[in-house]
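The chain contents come next:
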Amino acid sequence: MDYRNSNMTPPPYYGRTSAVSQTNSVLKRVYVRMFIGLLISAFCALGVASSPAAFSFIFGNQLVFWGLFIAMLVMAWVLPSRLMKMSTAGCFGLFCLFSAIMGVWLAPIFIAYKIGTIVYTFFITAGTFGAMSIYGYFTKSDLSKMGTFLMMALIGLIIASVVNIFWANSTMEWIISIAGVLIFTGLTAWDTQQIKRMAAGSFEPELTDKLATMGAMNLYLDFINLFLFILRIFGGGSNNN
């Protein structure tokens, strides 16, 4: 509805103060849900890594291993594509399930790396992520062009990673890891700005809540990928060395 050509009084929702309040409210839900997702992943990863039977069942069985991977891909596609048709509880539940499966997939890092390296990398990741998210929130610059470039770079990164699986070149792996850190550092700022813009929009409370879950998933993936690429760079602390 165009309130400019109507005698109706627009709801306070469109006021500047209300918009700021709504933005902060949505972002709070985004970060809380992202944190919940990270906690779920951490507990699932530790649980599987500490259970030889569970670890052997998942990573010693190709059907289970690839089944979990495909399930993650399906959920990553279903959440944004079916957002309008899902309930808010269903949307958040799917995100939690995705986080749990991701955690199971991350279990090998507790076998391959020393716990000190993992903790050290986590704090580096948290600091980097926090700084870039703050930048994305407060910057007045439009990061849209940067986001487009980063998405294209991400496609290139995925292709290079697949190629290096067969090539197994250590120098290439190092380059991919550095590129991954740079790409997901930038995507953190871009996604934060996109979420902030979304949060300031005019949406029904139910849709706003769903979009908060979607925003949490985007930032969750930024954090996880940033963590894994930084961990690869600090791979000298692996238990295999």
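Every value quoted in this text rests on a predicted model; they were computed, and no experiment measured them.

Visitor: A description of the overall build of the protein should follow, citing residues and the corresponding values.
Guide: When you go through the protein residue by residue, the secondary structure sums to nine helices and zero strands. What you see in the protein, going N to C, is helices and strands ordered as α-α-α-α-α-α-α-α-α. Across the 241 residues of the protein, 40% fall into the buried class. Here the protein has roughly 13400 Å² of accessible surface; of this, 70% comes from carbon and sulfur atoms.

Visitor: Mind laying out a nonpolar patch on the surface, listing which residues take part and the relevant values?
Guide: A contiguous nonpolar surface patch, about 400 Å² in accessible area, is contributed by I115, V119, F122 and F123. Among the secondary structure elements, V119 is positioned in helix 6 (residues 115–138).

Visitor: Residue-level account of the pattern of salt bridges, with values.
Guide: Enumeration over the complete set of coordinates arrives at five salt bridges. Of the charged contacts, one joins D209 and R29 as a salt bridge, the two residues approaching to 3.1 Å between their closest N and O atoms. Here D209, found in helix 9 (residues 205–233), pairs with R29, found in helix 1 (residues 16–49); they are 180 residues apart in sequence, far enough to count as distant. Judged by relative accessible area, R29 falls into the partly exposed class, the value being 25%. For D209, the salt bridge identified is with R33, shortest N-O distance 2.6 Å.

Visitor: Describe the nonpolar core, listing the residues and the values that go with them.
Guide: In terms of nonpolar packing, the biggest core is built from 48 residues, with M34 and Y220 touching the most fellow members. For this core, the secondary-structure elements that each account for two or more residues are helix 1, helix 3 (62–81), helix 4 (88–106), helix 6, helix 7 (144–167), helix 8 (170–199) and helix 9. The element that contributes the greatest number of residues to this core is helix 9, accounting for 13 residues. With sequence-adjacent residues up to four places away left out, Y220 is seen in contact with M34, G37, L38, S41, F95, F98, S99 and M102. In terms of nonpolar packing, the next biggest core, distinct from the first, is built from six residues, A49, V64, V104 and A107 among them.

Visitor: Break down the environment of M84 for me, with residues and values.
Guide: Within the fold, M84 resides in the loop between helix 3 and helix 4. A sequence separation of 126 residues divides M84 from K210, and the C-alpha atoms of the two residues are 8.3 Å apart. Beyond its immediate sequence surroundings of up to four residues, M84 is in contact with L207 and K210.

Visitor: So what about the packing of helix 6 against helix 9? Which residues, and what values?
Guide: Running from N to C, helix 6 and helix 9 point in directions that differ by 130°, and their axes come no closer than 9 Å. Judged by the angle between their axes, helix 6 and helix 9 are oblique. Considering only the axes of helix 6 and helix 9, their crossing is right-handed. Across from T117, I118, T121, F122, I124, T125, A126, T128 and F129 in helix 6, the residues of helix 9 making contact are L219, D222, F223, L226, F227, I230 and L231.

Visitor: An account of the packing of helix 6 against helix 8 is needed here, citing residue identities and associated values.
Guide: One way to put it is that helix 6 packs onto helix 8 with a least axis distance of 7 Å and a crossing angle of 40°. Relative to helix 8, the element helix 6 lies oblique. For helix 6 against helix 8, the interelement crossing comes out right-handed. Touching T128, F129, M132, S133, Y135, G136 and Y137 of helix 6 are T185, T188, A189, T192, Q193 and K196, all from helix 8. When its residues are assigned to classes, the contact of helix 6 with helix 8 shows five nonpolar, seven polar and one charged.

Visitor: Break down the packing of aromatic side chains for me, citing the residues and quoting the values.
Guide: Centre-to-centre distance and the angle between the planes together describe a pair of aromatic rings. Taken as a whole and assessed by the stated rule, the structure comprises 15 aromatic pairs. The interplanar angle of 85° and the centroid separation of 5.2 Å between the aromatic rings of F65 and W66 together place this pair among those described as edge-to-face. Of note, K196 hangs over the ring of Y137, and the distance from its end group to the ring centre comes to 4.4 Å.

Visitor: A description of the side chain of T23 should follow, citing residues and the corresponding values.
Guide: Note that T23 resides in helix 1. For T23, the residues in contact, after removing those within four places along its chain, are Y137, K196, A199 and A200.

Visitor: Could you give me a rundown of helix 9, with the residues and numbers involved?
Guide: The end-to-end C-alpha separation of helix 9 is 42 Å, in line with the 42 Å expected for 29 residues at 1.5 Å each. Counting buried residues in helix 9 gives 21 out of 29 residues, a clear majority hidden from the surface.

Criteria and cut-off values
Residues numbered from 1 in each chain as written. Predicted model: local features only at pLDDT ≥ 70, side-chain atom pairs only at ≥ 80, totals over all residues. Heavy atoms only, no water. Helix = DSSP H or I, 4+ residues; strand = E, 2+ residues; numbered from the N terminus. Buried < 20%, exposed > 50% of the residue type's maximum accessible area, 1.4 Å probe, protein only. Areas by Shrake-Rupley, 256 points an atom, 1.4 Å probe, with all protein chains shown as cover. Patch = residues over 30% accessible without salt bridge, like charges linked within 9 Å, V, L, I, M, F, W, Y side chains within 5 Å. Salt bridge = Lys/Arg side-chain N within 4 Å of Asp/Glu carboxyl O. Core = buried A, V, L, I, M, F, W, Y, C linked by side-chain atoms within 4.5 Å. Contact = heavy atoms within 4.5 Å. Axes fitted to C-alpha atoms, helices over the stretch in contact; angles between N-to-C directions. Parallel < 35°, antiparallel > 145°, perpendicular 65-115°, else oblique. Left-handed = near helix turned anticlockwise from the far one by under 90°. Nonpolar A, V, L, I, M, F, W, Y, C, P; charged D, E, K, R; others polar. Phe/Tyr/Trp six-rings, centres within 6.5 Å; stacked < 30°, edge-to-face > 60°. Lys NZ or Arg CZ within 6 Å of the ring centre and 35° of its normal. Expected span 1.5 Å × (residues − 1).

Just distances and angles here, no functional claims.
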